[in-house]
Amino acid sequence: MPPNANPVWNEVFFFPLRLPPICDEIQLTILGGSRSSKVLGNATLHLSQISSAGAELEEGTPGFLPCFGPSFLPFYGPRMDPAGTPRTDTRVAYQGRVLLELSTHMGTPDGRQRDTIRPEDITRVQCHLPRRRFGLCGIFYSATMVPAGQELLRFELSIGNYGDTGDVTCKPAASVTPHGCPVFDGNRYHYLPWYGDKPVVAVTSSWEDASHRWDAINLLRSVCRRLERNVTELRDARGDAVGDAGRRLLRQLAQDCGRALPRLEAQPTPTQLDTHLRAARLHLLRHLAAAAATPPRAGWDTLLPLAEGWLGRVAALAVEVQLGWQGSTVASCGRSQPDMADSEDLLRHLEGTLHIYAETSGTAVPPKEEVACPQGWHVTDGWRVDVTGAVDEAGWEYGASTVPSSPPPAWHAAEKTYHTHRRRRWLRTRCRDPSAQGQEQDVAALLQLLSPKAAAGAEAWEYGSLWGCRFHLQPRAGDVCRRRCWHRRMVPAQPGPVAPIFLLEGSLSVEDLSKENKPATAEQQARSSSRTPPQQPMPLVLCTFQRHNFFQLRCYIFQALELAPWGSKATADPVAHVSFAHVSQSTRVLPGTLDPLWDQTLLFHRVLLYGDPRGVRDEPPAVVVEVFDQDGGGAGGFLGRSVCTPDVWLDVGRRQPPRLRRYPLRGPGGTAGELLAAFELLHDTEDGSLAQVGTPPWRQGLFSIPLGIRPLLRLVALEMLPRVTAEKGAADKVHTRTGPLGTPAPCQAAKEEEEDEDDDWWSKFYAAIGDKAKSRAGTKKDRLKIYSCELEAVPEFKGLQDFCQTFPLYPPGGHPAAGDDPWANSRWVRAPGGPQTWGRGIPGCTAGRLSQGLFHIYPLPEDPGVPPPPRHFQELPPSRPQKCLVRVYIIRAFDLPPRDRSGLCDPYVRVSLGTKTLGQRDQYVPNTLEPVFGRLFELTGTIPMEKDLQVSLLDYDLLPPDQEIGTTTIDLENRLLSRFRAHCGLPTAYRTTGPGSWRDQLSPSQALQHFAHARGLPAPEFSTEGTAVTFGDQTFLLSHFESRPPMHRHPGAPRERLALHVLHACHLVPEHLETRTLYNSTQPGLEQGKVQMWVDIFPASLGPPGPPIDITPRKPQRYELRCVVWNTQDMDLRDTSLVGQQMSDIYVTGWLDGLEHQRQRTDVHYRSLRGDGNFNWRFVFSFEYLVAEQLCVLPRKEHFWSLDETVLKVPPKLILQVWDNDKFSADDFLGVLELELTRLPQPAQDPQKCTPTPQGTPRSPWLWWGGQAPSQLSLFRQRRVKGWWPCTVQEGSQQRLSGKLELSLELLTAKEAEERPAGKGREDPNMYPTLPPPLRPEWSYLWLRAPLRTLRYTIWGQHRCRISLALALLLLFGLLLTFIYATPGYLAMKLVNPLHSLHPAAGEHPAAGTGKR
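Figured I'd write up the structure that's included with this text. (Residues numbered from 1 in each chain as written. Predicted model: local features only at pLDDT ≥ 70, side-chain atom pairs only at ≥ 80, totals over all residues. Heavy atoms only, no water.)

1. A few points about the pairing of strand 48 (residues 1028–1031)
It is a general feature of regular strands that their side chains alternate between the two faces of the sheet.
Alright, step 1. Pairing analysis gives two bridges linking strand 47 (residues 1021–1022) to strand 48, with the strands arranged antiparallel. Its bridge partner being in strand 48, Glu1021 is matched across the sheet by Thr1030.
Alright, step 2. Between strand 47 and strand 48, which pair antiparallel and follow one another directly, the connecting turn spans five residues, one of which, Gly1026, has a positive phi of 80 degrees.
Alright, step 3. Here four bridges tie strand 48 to strand 49 (residues 1034–1037), and the two strands are oriented antiparallel to one another. The residue bridging Ala1028 from the neighbouring strand is Leu1037, located in strand 49. (Pairing = 2+ DSSP bridges. Helix = DSSP H or I, 4+ residues; strand = E, 2+ residues; numbered from the N terminus.)

What follows is the structure, given as structure tokens:
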């Protein structure tokens, strides 16, 4: 677009999107400049705020696709400095708005990238453009911790372009506070001395009416604030107070929901996003109201996690992105969200009184006649004009003003036409009166009178070097002018519906307020043009608080934890600076620690706060705590900051001691530790009730924390064992647990099917996921458990940390970012579980060291005479590493992000354990986002030295390096030490051989004995037959689990089967498949897909393991289908001969579905007069077939430039079509026959009984021998079949019988086809079976090759009688013509010589005689 402040594009862009998306943000940027390279502004739309996946609550509302608007979206960019260059803060200044609409549609993209918006859509959007005036009012209560210096500070409040003093497109507004000089608070910080007169700013603006959205946000925020306060009280409550806090939370939550629901139901929904958000909010509030109606059944202790979840859901919906003007901007303080209210309610919300003053700057010199002579002085002469300087003869000097209402910066003696001002100086002489004081006193009085500081303090002058330049408070060398500000109070002429403070916009400007009521288009045009800046400063607005109160702030600073050192230091000398209102204090400096224990109370006496004390209680001022490293003196290095809220007590008699809380510290790099502290604000009334609160104890020159607040410390013992042994059962007897085992499952009376020996693992997998088409029979009893999460995340397995817990170690003060894998690239400390144990990472460990161990903490007696309790870690096996064989089974992955331009990726697996890495680049699965790997990796490692197993998925690229898709890390030591036996899952059935044979090192009975020893239980006792066992305090019988002997082969001994059943009853880890989430370090917090796998760990000390499970993906087998087309009958006749005879030139073509390139066809049976055809033609099709899945495998390339083939699986289907051959036009379609080889219809042996099967008929209509045959059969079982099948043709919505085909189908394996070769058609080798030439009638030929035969069989064959009769008639007709032709001559001859015919010899005799002579 050309340079324009209000560009109009009217364009639409199309982007393909895959849901759920990988990223959450949609970035929009406005570019400018000659080459559109300058970033003017940025905006961000979060998909989580404009869409929903649904099912977030019980009976959740359905989700909705991303949508937005039509609504304005504000853009923000860098604020320009006075030099015109952008600053580093890139999202501070408002840069404009864009009217935007976003919608999402399901389906395949049509390839368009951009288009023009239709005119009707532009007209539809106009209804969203009407504007409404809004007023923004801000009251500044305090400004603390401001920068020090002599520079004057002021604050500016703006919303959009309104209120921005640097923007000349809007009317001037009272949007800035008066200048103030920072004052030192006596300790560390500076503040602005506003005291009882708080500056007020007001901005009037015009925006689209989004009041219904603001109402919804205010309602939800009100619910959220109250719920957050109640959740905090519930979290801090103890004992009986938990029930009271819980009941109060539920009661107030029900009240808030009941108050908000009717108002939300009445809200309008002009856009699609408004409709979806209102439905989600109504559903949430109804759900919360129903949940708050009844107390929790499991007790009040379970209410806290529920309430925290409710709070998170309400906060997530208390966001609105369609406001069109997202927030207001306070200069140097960031953006804030205003609260919506009616204008007339403003004064009711204010605690003080508003005063409006008109402000002007100047020298305000009175007339010379009114200038009084100072006391102690007397005038000796009158006023006279000073003509001694650079003035004209009348004493005037002239100048031109560059800024309206300001004096000229320079004066000249000669008058010019462009001069706008003139001035002259009047003089008179005065002398000092004689007095009784000495000369020294007279000189001192004169110096005090002429002192600039005294004049500045009493008269508030500002000094400057030139008019129009910046003024300052203290006079400097070279100052030639001064000024001061005069105020006069303003009151509204008459009360109105709008608060008077909002009528100040443009009150001193040259523009008229009536222009604000123009339409939006006119306003945009007006804003795009330059406007004259105000000639006078805007009025000054102050809120005066008549009531002031004194408070006492008590800060109990106990300790800081896990501080991050400053710079390259490994330690710090921390000190905490506490700032509150206009006062601050500091703690003592503790040298050489990152966990400083200050144990100090800071008392702030008689802190002056203005306003109603109840307002202070409802919204207390924040307490800011900053921690610095004070090493070396000076300001120190900044470590972290925390903003805390004190507990306010107006009635000191009802005060309860506060509890220490953990406040997070935020440093330059993010999280910088925690602060353990408490804060309370006590009302210091005049009755002296504050004296009831005792003074904190004084120790070593400081106030320490009182006992009621200070945590109680006791003497404890810490036992630690470095390098945990990985041997099962080590140190586990300390935490043994006895009790009844799980109840055995009841016997299943279902009939077991005999299992096929050729059954594979994939049948069990597909049966577990519910895909019956790919699973075989016989897997019903052999079950596989599939977890939809990591094995550590399964609740019943307690994170596999029942024996020892794992804690990640970070560098000092370092913490993982949100979404990072906390177990990757970290060190560990382990602690055994128990009610008296705890552990945390050891700060200060270097990056190259590994710290492991068990530790136990228990209390010691306070009396030194009492012997300490016995040590826990005494009887322990020798600590040594454990060499293990690790088998990693990678099954498949899904939901992978695309990595190639085709929207797919080529993933392969890489497994790492210690220094060993397995996985090759060439073993990738091409062109897929859901690869099936079926890979087994075997590694050997020493645990715990090599305990972190990393499974990575990488995308294969033609040129390395390959991109990493995602990685997951598995802690092998946890699995090996867990008492849930997670190192090898328990299968459902025990087999000695076959695909599901036992693979563990210990037999089930040995595993049961090992489990009993680890739990501290007596060893199991089996009966002689092995059908009964006594374990713990229960007796189990094999008949409890098996109603009959197993039908599968190699079931194993009864003793082992019973032991396996008992192990299952102990709720151990079964044979499973876990689903692990992949993460990528380059995109922290974003899931990169999931991988399904499991891991088996076999310690070498227990012997060799069993055979591994074969999980190789199913490979297709090559088959050959031989289809012999014998005859056709009753086919449709589509051609008409020259003599009008119906006929067809029939041929048959066939192929397998998906293998169209193998299409074959028979020869042509010409001139079929009755639809019959004889072919004796063989089709031969080769294909690859997966027997288990009953699908054909079709490898093919998507494009000719593709490097890899894509595998497609389709059902095996034979397609035969019958056509009428035409030479000079397209062939005519006669019928089709589709035969699915796995569900082949039974053929009819007689063509008369071959009819199409009606839909829904369970049995075939082809009957022979008086019986009824099965409706379907599988050619893969029967291998050979022959008969008649019907051909059909589609006519409308019905299928019509168009003919019949006699076929013989034979299916052979690749080996059988090699042993019994057969050629296509009737080619050699013509065997199995031998096909003779077809017996066709003589007239079956191509007419172009034998035209005479065509005449014979087309004309003579049908019309020979007619032809014979026609020839006879033609002969007779010829004779008749000859007779008629000869009759006249004959008659004439007779008439001329009638006797010639009577005497022929006499007439000829003379001639004869003459000749002889």
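2. Re the sheet that holds strand 11 (residues 190–191)
Alright, step 1. Reading across the sheet, the three strands line up as 8-11-10 and stay open at both edges, with antiparallel pairing between neighbours. Sheet topology places strand 8 (144–146) and strand 10 (183–184) at the edges, where each strand pairs with a single neighbour.
Alright, step 2. Where strand 10 meets strand 11, two bridges bridge the pair, whose relative direction is antiparallel. Bridge pairing in strand 11 links Val183 to Tyr191.

3. Let's talk about the pattern of salt bridges
Alright, step 1. The tally for this structure, following the rule as stated, stands at 61 salt bridges.
Alright, step 2. For Glu1312, the salt bridge goes to Arg1279, with nearest N and O atoms at 3.2 Å. Of this pair, Glu1312 sits in helix 17 (residues 1310–1315) while Arg1279 sits in the loop between helix 16 (1275–1278) and strand 66 (1280–1291), and the two are 33 residues apart along the sequence.
Alright, step 3. Residue classification places Glu1312 among the partly exposed residues on the basis of a relative accessible area of 31%.
Alright, step 4. A relative accessible area of 26% means that Arg1279 is categorised as partly exposed.
Alright, step 5. Taken together, the shared-partner salt bridges in this structure form one network comprising Glu101, Arg118, Glu120, Asp121 and Arg124. (Salt bridge = Lys/Arg side-chain N within 4 Å of Asp/Glu carboxyl O. Buried < 20%, exposed > 50% of the residue type's maximum accessible area, 1.4 Å probe, protein only.)

4. Considering a nonpolar patch on the surface
Alright, step 1. On the surface, a nonpolar cluster with roughly 740 Å² of combined accessible area is contributed by Leu1367, Leu1370, Phe1373, Leu1376, Leu1377, Phe1379 and Ile1380.
Alright, step 2. Structurally, Leu1370 can be placed in helix 18 (residues 1347–1392). (Patch = residues over 30% accessible without salt bridge, like charges linked within 9 Å, V, L, I, M, F, W, Y side chains within 5 Å. Areas by Shrake-Rupley, 256 points an atom, 1.4 Å probe, with all protein chains shown as cover.)

5. A closer look at the environment of Pro1107
Alright, step 1. Mapping Pro1107 onto the fold places it in the loop between strand 51 (1083–1099) and strand 52 (1117–1129).
Alright, step 2. Given a relative accessible area of 46%, Pro1107 falls into the partly exposed group.
Alright, step 3. Remark: the alpha-carbon pair of Pro1107 and Arg999, spanning 108 residues in sequence, is separated by 5.6 Å.
Alright, step 4. In this view, Pro1107 contacts Arg887, Ser997, Trp998 and Arg999; residues no more than four positions away in its chain are not counted. (Contact = heavy atoms within 4.5 Å.)

6. Topic: unusual backbone geometry
A negative phi angle characterises most non-glycine residues, just as the trans form characterises most peptide bonds.
Alright, step 1. The peptide bond linking Ile943 to Pro944 adopts the cis configuration, its omega dihedral lying at 15 degrees.
Alright, step 2. The residue Pro944 is located in the loop between strand 44 (932–943) and strand 45 (948–955) in this model.
Alright, step 3. With a phi close to 45 degrees, Arg606 is a non-glycine residue in the positive phi region.
Alright, step 4. Tracing the backbone shows Arg606 in strand 28 (residues 597–610).
Alright, step 5. On the basis of relative accessible area, Arg606 is assigned to the partly exposed category, the value being 47%.
Alright, step 6. Of note, the phi angle at His1067 is positive, near 60 degrees, even though the residue is not glycine.

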